[in-house]
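Survey of secondary and tertiary structure
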Amino acid sequence: MTGEQARKPLLLTNVKPMAFGAETPGSAVDILIDGNGRIAQVGPQLSVSHEMICVDGKGAWISPGWVDLHVHIWHGGTDISVRPSECGAERGVTTLVDAGSAGEANFHGFREYIIDTARERIKAFLNLGSIGLVACNRVAELRDIRDIDLDRILECYAENSEHIVGIKVRASHVITGSWGATPVKLGKKISKILKVPMMVHVGEPPALYDEVLEILGPGDVITHCFNGKAGSSIMEDEDLFDLAQRCAGEGIRLDIGHGGASFSFKVAEAAIKRGLLPFSISTDLHGHSMNFPVWDLATTMSKLLCVGMPFDKVVAAVTHAPASVIKLSMENRLAVGQRADFTVFDLVDSDVEATDSNGDVSVLMKLFEPRYAVIGSEAIAASRYIPRARRLVRHSHGYSYR
Ligand SMILES: [Zn+2]
C-alpha cells in the first residue's frame, strides 16, 4: 500500500453494518474516520464539521473490505495480468491476493512495481515454478523438475514473508504435461517447511482432483472447486463428490476461482443443493477472463447467490473466509482506533444475463453493486465492471471471442 498522509477526516453516513461479528450494530450508523485513517466514532447521526469529507451511504450495506483470494495482477511482468486498479478498489475490493503470477525468479519486481505502489492491500501465493506466469500457458511454469528451485523458493520467502501467504501450484496437464501429481507433492513439502498453505489449481487431469485432495491438508486451498471440466467436475463422479465434501469438513478450503474456464453454474448449483458450499468466492481475474465471462468480484458473488448460496454466506466468503487464509484479522473491524477497511455495497433487483465458463447463461435476479471501497480515510467510488464489446481474436489453436 502507498505511504500514509494525513488527510481530511471522512464521515460516512447512513450505512448498515453486516459481518462485523457479535458487535455488529442492528441498524444504520454513521462512521467517522480520522485523517490518519483510523475509526474515531461510530453511532447514529454523528455531528458534521466543515473540515470533514462527507459521503452519504444512502442506507447501503457496509462490511469489512472485500478480499479477492485469486487474481492475476503482475501487470507488465506476465502476459496475462491486469492492473490492481482494474479489479481492486474501483470494484469494491480492498485486498487482492495474486495467485502465483510471480515465481521466485521475478517476485522482486512484483513487490517493487505492484505491491509497493498499489493502494489496495496486496498479498501473493508464490508460484512453485521459478518463472511464474510470464508467458502463461505458452511457456508453462512446471514442465519438469528443472523448473523448480527449492533453495531459491526458501530464500525468496525469507525475503518476502510479509507479502507471501502460500505456495501456488497449477496441477493440470496443460501446464505439467504428464508429470502427474509430483509437483503438488513438492509444493506440499515446501508449504510444510514454510508453514504456509498451498493453493492448488485443479483442471485438466492429470493430476486428478481426487489425488490433489489426498495430498492437501487442513488450511490448504483448492481453487476452481466448481469447475465443469471433463474429468475434473465433482458432479460427474460420486466418489469425488464424497471426498470433496469430507475434505471440506476437515478444513481443506474450496475456493471458486471463476476464471475463463473454471466455474460452472450447474456444478455450483448441484453442490450447494447437496449442502456443499464454497469456502471462499474469488474471481481468477486476468486479461483473458475479465471482459468475458467474469467481469468482477461483485458479479461472481451475484452468481453464487443466484445458484442458492445465502446472502450472509456470500459476504462471509469474500471477507472472513479469505481473510483467514491470508491471516488478515477480521476482529473488531468496526471498533474505535482500528484502521478503516470497508466495502459499501447494495443488493439490487436485476435482470442481468451472466455466463459461466462453460457458456451456460443465468439471469441474475439480485446483483451486488459496490458503491465505495473505504481504505483509511479515503472513500473510493466503486462500481461493477462494464464489459467491452467482445472481439474475435486469433491464437495458436484457432479463434475465440474475448
Ligand atoms: Zn488463476
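Predicted, not measured: the structure shown is a model, and the values here were computed from it.

Turning our eyes to something else, we now look at the overall build of the chain. A tally of helices and strands in the chain yields twelve helices and 16 strands. Expected size for 402 residues packed as a compact globule is a radius of gyration near 21 Å; at 21 Å, the chain falls within 12% of this value. On the principal axes, the C-alpha backbone points of the chain span a range of 65 × 45 × 45 Å. For the chain, with 402 residues in total, the buried portion stands at 50%. Looking at the chain alone, contacts between residues at least 24 apart form 74% of all its contacts between residues at least 6 apart.

Next up on the list: helix 2 (residues 107-115). What helix 2 keeps buried is the set Phe-107, Phe-110, Arg-111, Ile-114 and Ile-115. For helix 2, the angular spread of buried residues about the axis comes to 110°, placing them on one side. Elements in contact with the buried residues of helix 2: helix 1 (84-87), strand 7 (121-127) and helix 3 (150-160).

This chain's UniProt record puts "modified residue: N6-carboxylysine" (unreviewed entry) on Lys-168. Note that Lys-168 resides in strand 8 (residues 164-171). What makes Lys-168 buried here is the crowd of 31 C-beta atoms within 10 Å. Among all residues touching Lys-168, those that are not within four sequence positions of it are Ala-99, Gly-100, Phe-125, Leu-126, Asn-127, Leu-128 and Met-199.

Right, let's get into unusual backbone geometry. Looking along the chain, the bond that leaves Pro-205 and enters Pro-206 is cis, with omega of -5°. A cis geometry characterises the amide bond from Phe-292 onward to Pro-293, with omega recorded as 5°. Positionally, Pro-293 belongs in helix 9 (residues 290-294). Even without glycine at this site, Asn-332 takes up a positive phi of about 50°. Its location among the elements puts Asn-332 in the loop between helix 12 (320-325) and strand 12 (341-355).

Sequence positions flagged by UniProt for "site: Transition state stabilizer" (unreviewed entry) are, in local numbering, Arg-170. Topologically, Arg-170 is positioned in strand 8. Given 28 C-beta atoms within 10 Å, Arg-170 falls into the buried group. For Arg-170, the contacting residues outside a window of four places in its chain are Leu-142, Ile-175 and His-201.

Moving on, we get to the sheet that holds strand 3 (residues 39-43). Spatially, the seven strands line up as an open sheet ordered 3-2-1-4-12-13-14, and their pairing is mixed. Pairing within the sheet leaves two strands with one partner each, and these edge strands are strand 3 and strand 14 (378-381). Going from strand to strand, the sheet's axes swing by 35° on average, the running direction of each strand aside. Strand direction decides the pairing type here: strand 2 (residues 29-33) and strand 3, joined by four bridges, are antiparallel. Across the sheet, residue Asp-30 finds its bridge partner in strand 3, namely Gly-43. Taken strand by strand, helix 10 (residues 297-306) contacts strand 12 and strand 13 (361-375), and its axis lies near 135° from that of strand 13.

Below, the discussion takes up the nonpolar core. Residues Leu-126, Val-200, Val-212 and Ile-222 are the most contacted members of the largest nonpolar core, which totals 109 residues. Ignoring anything within four residues of it in the chain, the contact list for Leu-126 reads Gly-100, Ala-102, Gly-103, Glu-104, Phe-107, Ile-153, Cys-156, Tyr-157, Ile-164, Ile-167 and Lys-168.

Moving on to the pairing of strand 2. In terms of burial, strand 2 is a largely internal element, five of the five residues being buried. Every second residue of strand 2 is oriented toward a common face, with Val-29, Ile-31 and Ile-33 on one face and Asp-30 and Leu-32 on the other, all of them buried. Where strand 1 (residues 10-17) and strand 2 come together, four bridges link them in antiparallel fashion. The partner of Leu-11 across the bridge, within strand 2, is Leu-32.

Here Ser-172 lies in the loop between strand 8 and helix 4 (173-176). Residue classification places Ser-172 among the buried positions, given that 24 C-beta atoms sit within 10 Å. Measuring from C-alpha to C-alpha, the distance between Ser-172 and Ile-31 comes to 47 Å, with 141 residues separating the pair along the chain. When near neighbours in sequence (up to four residues on either side) are disregarded, Ser-172 contacts His-201, Gly-203 and Glu-204.

Now for the sheet that holds strand 7. Reading across the sheet, the seven strands line up as 5-6-7-8-9-10-11 and stay open at both edges, with parallel pairing between neighbours. Only two strands of the sheet have a single neighbouring strand rather than two, namely strand 5 (66-71) and strand 11 (253-255). Averaged over all neighbouring strand pairs, the angle between strand axes comes to 25°, with direction disregarded. Both strand 5 and strand 6 (residues 93-99) contribute to a ladder of four bridges, which runs parallel. Residue pairing in the sheet places Trp-66 in a bridge with Val-93 of strand 6.

With respect to the helices and strands, Ser-178 occurs in the loop between helix 4 and helix 5 (182-194). Residue class for Ser-178 comes out exposed when judged on the 6 C-beta atoms lying within 10 Å of it. As a C-alpha pair, Ser-178 and Gln-245 span 67 residues in sequence and 27 Å in three-dimensional space. Excluding anything up to four places from it in sequence, Ser-178 contacts His-173 and Pro-206.

Burial analysis of helix 10 places ten of its ten residues in the buried class, the great majority of the element. For helix 10, the full list of buried residues reads Leu-297, Ala-298, Thr-299, Thr-300, Met-301, Ser-302, Lys-303, Leu-304, Leu-305 and Cys-306. Two residues or fewer after helix 10 comes Gly-308, characterised by a positive phi angle close to 110°.

Definitions and limits used
Residue positions are given per chain, counting from 1 as you read along its sequence in written order. In keeping with the model being predicted, local features are shown solely for residues with a pLDDT of at least 70 and side-chain atom pairs are shown and tallied solely at 80 or more, while totals for entire chains, interfaces and linings include all residues. In this description a helix means any DSSP run of H or I spanning at least four residues, a strand means any run of E spanning at least two, and both kinds are numbered starting from the N terminus. We compute the radius of gyration from the C-alpha atoms alone; for a globule the expected value is 2.2 Å times N to the 0.38, where N is the number of residues. Put simply, a residue is buried when 20 or more other C-beta atoms lie within 10 Å of its own C-beta and exposed when 12 or fewer do; between those, it is partly exposed, and each C-beta is set from the backbone. A pair of residues counts as a contact when their C-beta atoms, built from backbone coordinates, are within 7 Å of each other. This arc corresponds to the set of directions leading from the helix axis out to the C-beta atoms. UniProt positions are given in the numbering used here, feature names are shortened, and annotations may be inferred rather than shown by experiment. Strands pair, by our definition, only if DSSP identifies at least two bridges between them. Axes, fitted as lines to C-alpha atoms, cover a helix only where it is in contact. Angles between the N-to-C directions of the axes lie from 0 to 180 degrees. In this description, a nonpolar core means buried residues of the types Ala, Val, Leu, Ile, Met, Phe, Trp, Tyr and Cys, linked to one another by C-beta atoms lying within 7 Å.

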